[in-house]
Structures are given as structure tokens and as C-alpha cells.
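# Remarks on the overall topology
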Amino acid sequence: METSRRTVITAAAAAGLTAATAGTARATDRRTPVRELFGRLADGTKVHRWSLENGGTRLKVLSYGGIVQSLEIPDRHGRYRNVSLGFGTIEEYVASSPYFGALIGRYGNRIGKGRFTLDGKTYQLSVNDGENSLHGGARGFDKRVWDVEGFTAGPDVGLVLRYTALDGEMGYPGTLRVKVTYTLTRHGDWRVDYAATTDRATVVNLTSHVYWNLAGEGSGSVYDHELRIAASRYTPVDAGLIPTGELAAVAGTPFDFRRPKTVGADIREANQQLLYGKGIDHNWALDKGITARPEPVAALRDPSSGRTLRIATTEPGLQFYSGNFLDGTLVGTGGHIYRQGDALCLETQHFPDSPNQPSFPSTVLRPGATYRTTTVHSFGS
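Residues numbered from 1 in each chain as written. Predicted model: local features only at pLDDT ≥ 70, side-chain atom pairs only at ≥ 80, totals over all residues. Heavy atoms only, no water.

## Here's the deal with the nonpolar core
Formed by 59 residues in total, the largest nonpolar core has its most connected members in Y182, W190, W212, W284 and F320. Apart from the residues within four sequence positions on either side, W212 is in contact with L71, V83, W190, V222, L300, L309, A343, L344, L346, H377 and F379. Residues F38, I90, L326 and A343 belong to the second largest nonpolar core, which totals 21 residues. (Core = buried A, V, L, I, M, F, W, Y, C linked by side-chain atoms within 4.5 Å. Buried < 20%, exposed > 50% of the residue type's maximum accessible area, 1.4 Å probe, protein only. Contact = heavy atoms within 4.5 Å.)

Rendered as C-alpha cells:
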């Protein structure tokens, strides 16, 4: 099923996700994806950049990490800006990227103490976040070169990205064959379809780690962005940002985004959860749960430009990260220093540490089954 801009907005209105600022669908301007050499890794491996445009959205993607290097959309006056954080060279991505724009796997988010037990056997994973494993380990999917092919399909244009993770890579069992499809629809939506199969029982949780600033990359804080999340519960964490297993009510806490409010409204409250994350770095248990088709779960709006982002997904969780660890040491594509709060991430996913939390939705994938999830990003102004 294609989830178009119009479909997402109509469903969002039905769910109470204010659609007044969504804007109208723009005329189709489909182009064949264009590939160019972006750089080379230290071992000489070529990294390509793919450029594509459709429905008024412009997207640039790297074969390294499946990274969204830039995503440009117009404001209320038709002026384009790149609304995702990133770098201008492959060397910067390799040296110091905090997952800017990357495809994340084999397991998005954290696994406590970097280990889990499956079918009676305990697996030790690559540990890269204190004592925990984060985003697949020290060399997750974000640091791999993917095979990429461009395509056009009717009015849509896109990329198919493939990567095979071998049995034992970063400690995970099973050879995992991954296919991710990026589609720009005729309405300008960016749709991401994830699929994977395995030859041994394993765990998998794929997501995208775009850092959003709808005012424009390098424009400063996103604390004035208005956000809504369709979730009445979230998963509190311990000091290592590992879920405690509780599904806590957001009511009466800084984590209540059931009605639109600015990102910075409560971010400096004296709340232990905010202290653990140095801001917000938590998973919301979406009210809709797991669904067969993408359903609206979040809406983001920048009042200065009028740009909007609406997210629909099949996934049960959404990790909202408020850019807490951007510390002024990185310079982005536009030549500006990135500081705390200069972007935010909205990562659709299963819950963190699910392999160690029996009450959470399962992330186990077995031979003969296919992992499939879909997330659709719709833009307006």
C-alpha cells in the first residue's frame, strides 16, 4: 500500500493530529536517481551519493551507512532548506558522526550489558556505550557500505539498499539479509520499507537516525518546534538509559506530548528521567501498537518557517531524542557548529532492550519468517 501525503494527513486528522498546517501536495517533479562519487574509505572503497527529487522533496543518500546526507523541503514561501544534520565529507562521517542520518541495525537503540539469551544460549554483543551495546555495536549497519540501486516505479522514485550481515557479526547470531527501500512518492513523502531474513534465530530492530531541524540545518535550537506524539505511556530508564521494564503514564510528566507543545517546554524540569538522559532520550509506547499498515503517530512543526513533518509507522515504539549530546565539537554541512538541542530524532522502532524484557513486543526473527516494517515521513508548509 502507498501511504500518500493526502492519506497521512486525512488519517492524522481523524486521530486528532492537527492537520491545519500540513499544506497541500506539490506537483510531481520526478527525476531518475543520479549517482556520483562522494569519496573513498581508507581502504579505497568507493562511497557514492545518490540524489533524487519528487513531489517537491529533494533527497541525497550515501552508500555508506545508508545515510541521508540532506533532505530539502520548502517553507511557507517556497524557499528550500536542508532540514537534516550531516557532514560534507566521508572523512567526517567516519571520524565522528553521532549516527547522522544513518540506517541503524542490527538492533536500533540499546541492549543492556551488551548481551541477551535466545533459545537457552547467551550472546555477547559488541559493547560501545558504557557497558551496553548501542545501535548494533562498534561497527553497526551505519558504518557499512550498502549496495544501492536506483529505480522509478510509476510516479515514484527511489533507492533499494542491500546489506548482508554475517553470522557472528558484532556478536549477533544468524546471517541476516537486509533490504531497505527509500521511496520519494509523487506527493513528496519519504517512505522507508525495511525487510530482513535470517538463517538462524536472531533479534532485529531496524530504524533511521535522521536529526531533524525544520528551520534548517545549522539554524540553532529546535526547542521552539511544536511536537505531538500519540502515546499515553513511555519506558522509563535507569542511569545507563536502559528501560526498567515499566510502562509509565506520561500524564503529569515532561513526557506528555499527547497535545502539541514545544520541545523545550519542560525539558529543564527537575525530573530524574531528564537528568539521566541530559534531556529527552526515551522510547514512547505508541497507543496504536503494532499495525499492518503505517498509522499516524507524531507531528512536528517549526513555527518560524511553517514546515511540518508527520510520521506514520507500523512500529510500536518511537524514540524521541532531543540532541542532548551535540556538544559544539562538530561542524555540519552548512559550516555551522552543532550544539545541544540543535536537532531532534524521532526513531520508529521496537522498544530498547526488548531481548531482555519479556513484557516488551518481541524482536525475535526466525528462519522462514520475514521482518517487515514501514515508516512514512510526510512534509508540508
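## Here we look at the confidence of the model for the protein
Per-residue confidence for the protein averages 93 on the pLDDT scale, and 92% of its residues sit at or above 70. Counting interchain partners and residues more than four positions distant, the pLDDT-below-50 stretch residues 1-28 has 72 contacts. (pLDDT = per-residue confidence, 0-100.)

## Observations concerning the pattern of salt bridges
The tally for this structure, following the rule as stated, stands at 16 salt bridges. Here R49 makes a salt bridge to E36, at a shortest N to O gap of 3.0 Å. Taken together, the residues span a long stretch of sequence, with R49 in strand β2 (residues 46-54) and E36 in strand β1 (residues 34-40) at a distance of 13 residues. With a closest N to O distance of 3.0 Å, R79 and D75 form a salt bridge. Judged by its relative accessible area of 51%, R79 falls in the exposed class. Through salt bridges with shared partners, a single network forms among E53, R58 and E72. (Salt bridge = Lys/Arg side-chain N within 4 Å of Asp/Glu carboxyl O. Helix = DSSP H or I, 4+ residues; strand = E, 2+ residues; numbered from the N terminus.)

## Regarding unusual backbone geometry
With an omega of 5°, the peptide bond between G105 and R106 qualifies as cis. Along the chain, the position of R106 falls in the loop between β6 (102-104) and β7 (110-111). The phi torsion at M170 lies on the positive side, around 60°, for a residue other than glycine. The topology assignment puts M170 in the loop between β12 (156-165) and β13 (176-184). Positive phi outside glycine occurs at L241, with the angle close to 65°. As for its placement among the helices and strands, L241 is situated in the loop between β18 (233-235) and β19 (248-249).

## Section: the environment of R259
With respect to the element layout, R259 can be found in the loop between β19 and β20 (261-262). The sequence separation of R259 and T244 amounts to 15 residues, and the corresponding C-alpha distance is 26 Å.

## Brief notes about the sheet that holds strand β11 (residues 147-153)
Within a sheet, each strand pairs with its neighbour through backbone hydrogen bonds, oriented either parallel or antiparallel. Taken in spatial order, the nine strands make up an open sheet running β11-β12-β13-β14-β29-β23-β22-β17-β20, and their pairing is antiparallel. The strands lining the two open edges of the sheet, one partner per strand, are β11 and β20. Direction of pairing for β13 relative to strand β14 (residues 190-198): antiparallel, over a ladder of nine bridges. Residue L184 lies in a different strand from β14, and its bridge partner there is W190. (Pairing = 2+ DSSP bridges.)

## Structural notes on the sheet that holds strand β3 (residues 57-62)
The strand order across the open sheet formed by five strands is β1-β2-β3-β4-β5, and the pairing between neighbours is antiparallel. Pairing within the sheet leaves two strands with one partner each, and these edge strands are β1 and β5 (80-82). Direction aside, neighbouring strands of the sheet carry axes that sit 20° apart on average. Alignment of β3 against strand β4 (residues 68-74), held across four bridges, turns out to be antiparallel. Its bridge partner being in β4, V61 is matched across the sheet by V68. (Axes fitted to C-alpha atoms, helices over the stretch in contact; angles between N-to-C directions.)

## Quick notes on the side chain of K288
Positionally, K288 belongs in the loop between β21 (281-285) and β22 (295-301). One buried charged side chain, K288, makes no salt bridge at all; its nearest oppositely charged neighbour is E295, positioned 5.6 Å away. Engagement of the side chain of K288 in a polar contact is seen with the backbone oxygen of E315, the distance being 2.8 Å. With residues near it in sequence (within four places) discarded, K288 still touches E295, V297, T313, T314 and E315. (Lys, Arg positive; Asp, Glu negative; His and termini not counted. Polar contact = N/O pair within 3.5 Å; in protein donor to acceptor, adjacent residues only side chain to side chain.)

## Concerning the layout of surface pockets
Here the largest pocket is characterised by a volume of approximately 290 Å³. Every residue lining the largest pocket is counted, 17 residues in all, and those nearest its centre are P98, Y99, Y211, Y321 and F325. Broken down by class, the residue content of the lining of the largest pocket amounts to eight nonpolar, five polar and four charged. Together, R40, L41, A42, Y64, I90, E91, V94, R139, K143, R144 and V145 line the second largest pocket. No other element matches helix α2 (residues 90-96), which puts three residues into the lining of the second largest pocket. For the lining of the second largest pocket, a count of residues per class yields six nonpolar, no polar and five charged. (1 Å grid on protein atoms, 1.4 Å probe; cavity = no way out; pocket = protein on both sides within 12 Å on 5 of 7 lines; lining within 4 Å. Points joined across faces, edges and corners; volume = space filled by probe spheres on them. Nonpolar A, V, L, I, M, F, W, Y, C, P; charged D, E, K, R; others polar.)

## Some remarks on the environment of R76
Relative to the helices and strands, R76 is located in the loop between β4 and β5. Through-space distance from the C-alpha of R76 to that of P155 is 25 Å; in sequence the pair is 79 residues apart. With near-sequence residues (within four places) excluded, R76 lies in contact with R301, P303, S304, S305, G306 and S381. For R76, the side chain forms a polar contact with the main-chain oxygen of P303, separated by 3.1 Å.

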